[in-house]
Structure formats: C-alpha cells, structure tokens
Amino acid sequence: GGCRHRCCPGRNNACWAVGAHLARCYCDSYCERTGDCCQDYQAACRRAAVGCAVGPWGPWSGCSSLCGVGSKDRSRQVTVPPRHGGEPCPDLKQRRGCLGDDPACGAAK
C-alpha cells in the first residue's frame, strides 16, 4: 500500500491507498489539511512538489475610456504549473483605474 505512484494534486477522493490496519488513507495534497494522509505521503509525494512559477508582468493596456474614468489591466503567464501539492499560482491579472484624456475629449465638452 501507500502513496508510491499515487500522488495527486488538490482534493481528490479517488486518490487513496490502503494504509495501516487496512484503513483507507489519502495521497492527495488536501490530506495535509484533513490529517488523513498515508504514512509515506511526505516521502512519496511532497518530495516531488513543484511550486507555481510565473513570468513577468506584461504592459498595461490602454485606458478603457477615451474620456473620463476607466480602467487598464495587465497580465502574466504561468511558466511552471504547480504539481504534487506545490505552491499555487499567484494572481495572473491586475487592474487599476485611469482617466482617459484623448484630444477629442476637449471638443466633446
């Protein structure tokens, strides 16, 4: 029994093995929160954990409003997805406010 070749990311009730005293134990990364991991979970699964890695932020978009209050955003890409219970990814999008000041704004007033 045990977690060898059975490690799963996240919460996965199908990711279990037979542990001590023929009781069901789990090999998903959620078992660390619920306390029902198999005895070999740390050695078999956490060793292989890979945390998320992301690339640099892209440029800010233009303001969504030509005249007045709007928003702009930017994003970044996942370069290494998390595996085997590694650190999850941080935010991939950001948004902030902006004021559109297109030359046509003055004429519209």
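None of the values given here were measured: they were computed from a predicted structure.

Here is what the cut-offs are and how they apply
Residues numbered from 1 in each chain as written. Predicted model: local features only at pLDDT ≥ 70, side-chain atom pairs only at ≥ 80, totals over all residues. Heavy atoms only, no water. Domains from an automatic or database assignment. Salt bridge = Lys/Arg side-chain N within 4 Å of Asp/Glu carboxyl O. Helix = DSSP H or I, 4+ residues; strand = E, 2+ residues; numbered from the N terminus. Buried < 20%, exposed > 50% of the residue type's maximum accessible area, 1.4 Å probe, protein only. Lys, Arg positive; Asp, Glu negative; His and termini not counted. Polar contact = N/O pair within 3.5 Å; in protein donor to acceptor, adjacent residues only side chain to side chain. Contact = heavy atoms within 4.5 Å. Disulfide = S-S within 2.5 Å.

J.: Outline the domain arrangement of the chain, listing residues and values.
T.: Taken domain by domain, the chain consists of domain 1 (1-48) and domain 2 (54-81 + 89-106). With centres defined by C-alpha atoms, the gap from domain 1 to domain 2 works out at 42 Å.

J.: Give me the pattern of salt bridges: which residues, what numbers.
T.: For the coordinates displayed, the defined rule picks out one salt bridge. Close ionic contact of Asp73 with Arg95 constitutes a salt bridge, the shortest N to O distance being 3.5 Å. Of this pair, Asp73 sits in strand S4 (residues 67-75) while Arg95 sits in strand S6 (residues 93-101), and the two are 22 residues apart along the sequence.

J.: Describe in detail the side chain of Arg76, supporting the description with residues and values.
T.: Among the structural elements, Arg76 can be located in the loop between S4 and strand S5 (78-80). Nearest to the buried, unbridged Arg76 among oppositely charged side chains is Asp91, at 6.7 Å. Looking at Arg76, its side chain comes within polar contact range of the main-chain oxygen of Asp91, at 3.0 Å. If we skip the residues at most four places from it in the chain, Arg76 touches Val54, Gly55, Pro56, Trp57, Pro90, Asp91 and Leu92.

J.: Pulling in residues and values, what's your account of the environment of Gly2?
T.: Here Gly2 is to be found in the segment before strand S1 (16-18). Taking relative accessible area as the criterion, Gly2 reaches 10% and is therefore assigned buried. When residues no more than four places from it in sequence are discounted, the contact partners of Gly2 are Ala17, Val18, Cys27 and Asp40.

J.: How would you explain the state of the cysteines if you had to name every residue and give the values?
T.: Overall, the coordinates contain eight disulfides when judged by the stated rule. Covalently, Cys25 is tied to Cys38 through a disulfide, its sulfur atoms 1.9 Å apart. With the S-S bond torsion at 90°, the cross-link from Cys25 to Cys38 turns out right-handed. Of this pair, Cys25 sits in strand S2 (residues 24-26) while Cys38 sits in the loop between helix H1 (31-34) and helix H2 (41-44), placing them 13 residues apart in sequence. Given a relative accessible area of 5%, Cys38 falls into the buried group.

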